[in-house]
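So the chains spell out like this:
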Amino acid sequence: MYKRQIKDLHSAIANKEFVVYYQPIVTLATGQINKAEALIRWKHPTKGFISPVEFIPVAEDAGMINDIGDWVFKHATTQAKKWQNDFDIDFQIGINKSPKEFQREDPLDQKYMNHLAEIELSASSVVMEITEGLLMESNKSVHAQVMGIRAEGTKIALDDFGTGYSSLAYLKKFAIDYLKIDRSFVSNLSAESSDLILCEAMIVMAHKLDIQVVAEGLSLIHISEPTRLGMIS
């Protein structure tokens, strides 16, 4: 089964079976959408759409994550450039990065900055979404790459905040721009619930540190097909 998945993934890369969807992020104060998160999906020729939860771990283990990650980055940033030209010059795109991508031999920061220069997209238009797991396992090389990306102007978002160790030291050490509160906290924001109290505490803390907050997984309920959203404050 595992070998079959690896073979299928090689075919997926060669046959361009991946697609990228974009989850809009709404600015709470204005109601405007000037950010989005790029989400990869695998359109398998016989199995249909496959979630990244299923295939990303296999790609990481099999050494294919760099190729997939590079493709997503180029695809998403090219789309962001188009949206800037057509709608909003300040539009930002969020791109998830696997911790494995920071272990590559060719430095991630230089490779991506060169691409952004080629398409004339500013580094500040990109938000790299990383996990606490990456920061916990970081060595000097990983730290240098993250800070190199940050120094070029790219924004850094800490994904799924609240589900891991949530060390406050990370916020200071890695100059985090956005905290993304995990949807497990956002799904039950009833009055006086513990989730509401925790979300309020995270938001106040982040704002005191001049960090913006994204709440994951809210629904736009007034349309026929609910769309998952992020809300930024």
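Model, not experiment: these values are computed from the prediction.

Undergrad: Describe the side chain of Glu101, naming the residues involved and giving the relevant values.
TA: Tracing the backbone through its elements, the reader meets Glu101 in the loop between strand S4 (92–96) and helix H4 (108–119). For Glu101, a relative accessible area of 2% gives the class buried. Here Glu101 is in contact with Ile65, Asn66, Gly69, Asp70, Asn96, Leu108 and Tyr112, once residues within four sequence places are set aside.

Undergrad: How would you explain the pattern of salt bridges if you had to name every residue and give the values?
TA: Once the charged atoms of two side chains with opposite charge are near each other, the side chains can pair. Evaluation of the coordinates by the stated rule reveals 8 salt bridges. Between Asp70 and Lys111 there is a salt bridge, with its nearest N and O atoms 3.8 Å apart. Taken together, the residues Asp70 in helix H3 (residues 65–86) and Lys111 in helix H4 connect sequence positions 41 residues apart. A relative accessible area of 10% means that Asp70 is categorised as buried. Notably, a salt bridge pairs Lys180 with Glu129, separated by 2.9 Å at the nearest N-O pair. One end of the pair, Lys180, is in strand S7 (residues 178–181); the other, Glu129, is in strand S5 (residues 126–130), and 51 residues separate them in sequence. Residues participating in the shared-partner salt-bridge network are Glu37, Glu129, Asp159 and Lys180.

Undergrad: Provide a residue-level description of helix H1 (residues 2–15), including the pertinent values.
TA: Look at H1: 20 Å from first C-alpha to last across 14 residues, which is about the 20 Å you get at 1.5 Å a residue. Among the residues of H1, Ile6, Asp8, Leu9 and Ala12 are the ones counted as buried. End-on, the buried residues of H1 take up no more than an arc of 165°, which puts them together on one face. Seen from the buried face of H1, the exposed residues on the opposite side, beyond 90 degrees, are Lys3, Lys7 and Ala14. Directly beyond the C-terminal end of H1, a positive phi value near 55° is found at Lys16.

Undergrad: I'd like to hear about unusual backbone geometry, residue by residue, with values.
TA: One non-glycine residue, Glu120, lies in the positive phi region at around 60°. As for its placement among the helices and strands, Glu120 is situated in the loop between H4 and S5.

Undergrad: Describe H4, with residues and values.
TA: With 12 residues, H4 extends 17 Å between its outermost C-alpha atoms, agreeing within 8% with the 16 Å of an ideal straight helix rising 1.5 Å per residue. Where H4 is buried, its residues touch H3, S5 and helix H6 (140–151). Directly after H4, the chain includes Glu120, whose backbone phi takes a positive value near 60°.

Undergrad: If you had to explain the nonpolar core to someone new, which residues and values would you point to?
TA: Judged by nonpolar contacts, the single largest core of 56 residues is most densely connected at Leu9, Phe18, Phe55, Ile93, Phe102 and Leu179. Look past the residues within four positions of Leu179 in its chain and what remains in contact with it is Leu158, Phe161, Leu171, Met205, Ala206, Ile211, Gln212, Val213 and Val214. Val127, Ala157, Tyr178 and Val214 belong to the second-largest nonpolar core, a separate cluster that totals 5 residues.

Undergrad: Any chance you could break down the packing of aromatic side chains for me, citing the residues and the numbers?
TA: According to the stated counting rule, one finds 8 aromatic pairs in the structure shown. Centre to centre, the rings of Phe18 and Trp42 are 6.1 Å apart; their planes meet at 50°, and the pair counts as tilted. With Phe18 in strand S1 (residues 18–27) and Trp42 in strand S2 (residues 33–44), this pair connects stretches of sequence that are 24 residues apart. For Phe18, a relative accessible area of 7% gives the class buried. The interplanar angle of 40° and the centroid separation of 5.5 Å between the aromatic rings of Phe18 and Phe55 together place this pair among those described as tilted. Of this pair, Phe18 sits in strand S1 while Phe55 sits in helix H2 (residues 52–61); the two residues are 37 residues apart in sequence, bridging distant segments of the chain. Like Phe55, Phe18 is buried.

Undergrad: Can you explain the confidence of the model for the protein chain? Please cite residues and give values.
TA: In this model, the protein chain carries an average pLDDT of 84, and 89% of its residues clear a pLDDT of 70 or more. Of all the helices and strands in the protein chain, strand S9 (residues 227–232) carries the lowest mean pLDDT, 46, while S4 carries the highest, 96. Predicted confidence is poor over residues 220–231, with pLDDT under 50, and the contacts of this stretch with residues over four places away or in other chains come to 31 contacts.

Undergrad: How would you explain the packing of H3 against H4 if you had to name every residue and give the values?
TA: Helix packing for two helices is described by the angle between their axes and how far apart those axes are. Look at H3 against H4: their axes get within 11 Å of each other, and the N-to-C directions meet at 30°. With respect to their mutual orientation, H3 and H4 come out roughly parallel. Crossing hand, H3 versus H4: right-handed. Across the interface between the two elements, Gly69, Asp70, Phe73, Lys74, Thr77, Thr78 and Lys81 from H3 touch Lys111, Tyr112, His115, Leu116 and Ile119 from H4. Classifying every residue of the contact of H3 with H4 by side-chain character gives 4 nonpolar, 4 polar and 4 charged.

Calculation criteria
Residues numbered from 1 in each chain as written. Predicted model: local features only at pLDDT ≥ 70, side-chain atom pairs only at ≥ 80, totals over all residues. Heavy atoms only, no water. Helix = DSSP H or I, 4+ residues; strand = E, 2+ residues; numbered from the N terminus. Buried < 20%, exposed > 50% of the residue type's maximum accessible area, 1.4 Å probe, protein only. Contact = heavy atoms within 4.5 Å. Salt bridge = Lys/Arg side-chain N within 4 Å of Asp/Glu carboxyl O. Expected span 1.5 Å × (residues − 1). Arc of directions from axis to C-beta. Core = buried A, V, L, I, M, F, W, Y, C linked by side-chain atoms within 4.5 Å. Phe/Tyr/Trp six-rings, centres within 6.5 Å; stacked < 30°, edge-to-face > 60°. pLDDT = per-residue confidence, 0-100. Axes fitted to C-alpha atoms, helices over the stretch in contact; angles between N-to-C directions. Parallel < 35°, antiparallel > 145°, perpendicular 65-115°, else oblique. Left-handed = near helix turned anticlockwise from the far one by under 90°. Nonpolar A, V, L, I, M, F, W, Y, C, P; charged D, E, K, R; others polar.

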